[in-house]
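Chain and residue survey
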Amino acid sequence: MTKDEALEIFRASGALLEGHFRLTSGLHSSQYFQCALVLQYPQYAEKLCREIANHFIGQNIETVISPAIGGIVAGQEVARLLGTRAIFAERENEQMTLRRGFSLKKGERVLAVEDVVTTGGSLQEVITLAQKAGADVVGVGYIVDRSGGKTAFDVPAFPVFQMDVVAHQPDDCPLCKKGFPIVKPGSRKD
Ligand code: ZN
């Protein structure tokens, strides 16, 4: 999949918006990306996740593991394409934990999957969790890398798409200087 094809999918699904946004970090940006909006369409989820599945297909993956909530849909789809099971880890008292009866066996070949990686913190916690359970974490795959290439996992990583985040301090924002009204993503104001 080319960068343009991925962008086309993000735009068509409304996952990538252009405008003037106040991000959760407080910074201002001309772009806002919400991966859940692209994954709400199973046909797009399949296209993007197939890239991850194809990358790891020869590696005898037995289980896909994802951090909740963001990674669950992508993990499920990659597992479907690879014909493996899919489990997820979730936070309990701030610790990534396997609940609901999910477990990993010693030596089990595991692929960790996430939707968006910014710092990579949750994904690395899931890798560590699986390794502590004795599993063999073969790699990590994720749909969008927003880290600016800064993440370093201790297993091979495959991002489908790298998306640079251009953000400005509020007092140094070119869009504010032009007087464009600002929108807080998620809140609809027509
Ligand atoms: Zn601004």
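Look above for the structure.
This write-up is about the structure you can find in this document. These numbers come from a predicted model, not from an experiment. (Residues numbered from 1 in each chain as written. Predicted model: local features only at pLDDT ≥ 70, side-chain atom pairs only at ≥ 80, totals over all residues. Heavy atoms only, no water.)

1. Brief notes about the overall build of the chain
Within the chain, the secondary structure is distributed over six helices and nine strands. Against the 2.2 N^0.38 benchmark of 16 Å for 190 residues, the chain shows a C-alpha radius of gyration of 18 Å, consistent with a compact globule. Across its three principal axes, the chain shows a C-alpha extent of roughly 60 × 35 × 30 Å. For the chain, buried positions account for 42% of its 190 residues. (Helix = DSSP H or I, 4+ residues; strand = E, 2+ residues; numbered from the N terminus. Rg over C-alpha atoms; globule rule 2.2 N^0.38 Å. Buried < 20%, exposed > 50% of the residue type's maximum accessible area, 1.4 Å probe, protein only.)

2. Overview of the coordination of the zinc ion
The protein atoms that coordinate the zinc ion are His20 (NE2), His28 (ND1), Cys173 (SG) and Cys176 (SG), at distances spanning 2.1 to 2.4 Å. Geometry at the zinc ion is tetrahedral, judged from the four donor atoms that bind it and their angles of 93 to 118 degrees at the metal. Along the chain, the residues donating to the zinc ion are arranged with the sequence spacing H-x7-H-x144-C-x2-C. With His28 in strand β2 (residues 28–33) and Cys173 in the loop between β9 (167–168) and α6 (174–177), this pair connects stretches of sequence that are 145 residues apart. For the pair shown, His28 and Cys173 are each scored as buried. (Donors = N, O, S within 2.8 Å, 3.2 Å for Na, K, Ca; no water. Tetrahedral: all angles 85-135°; square planar, octahedral: opposite > 155°, others 65-115°.)

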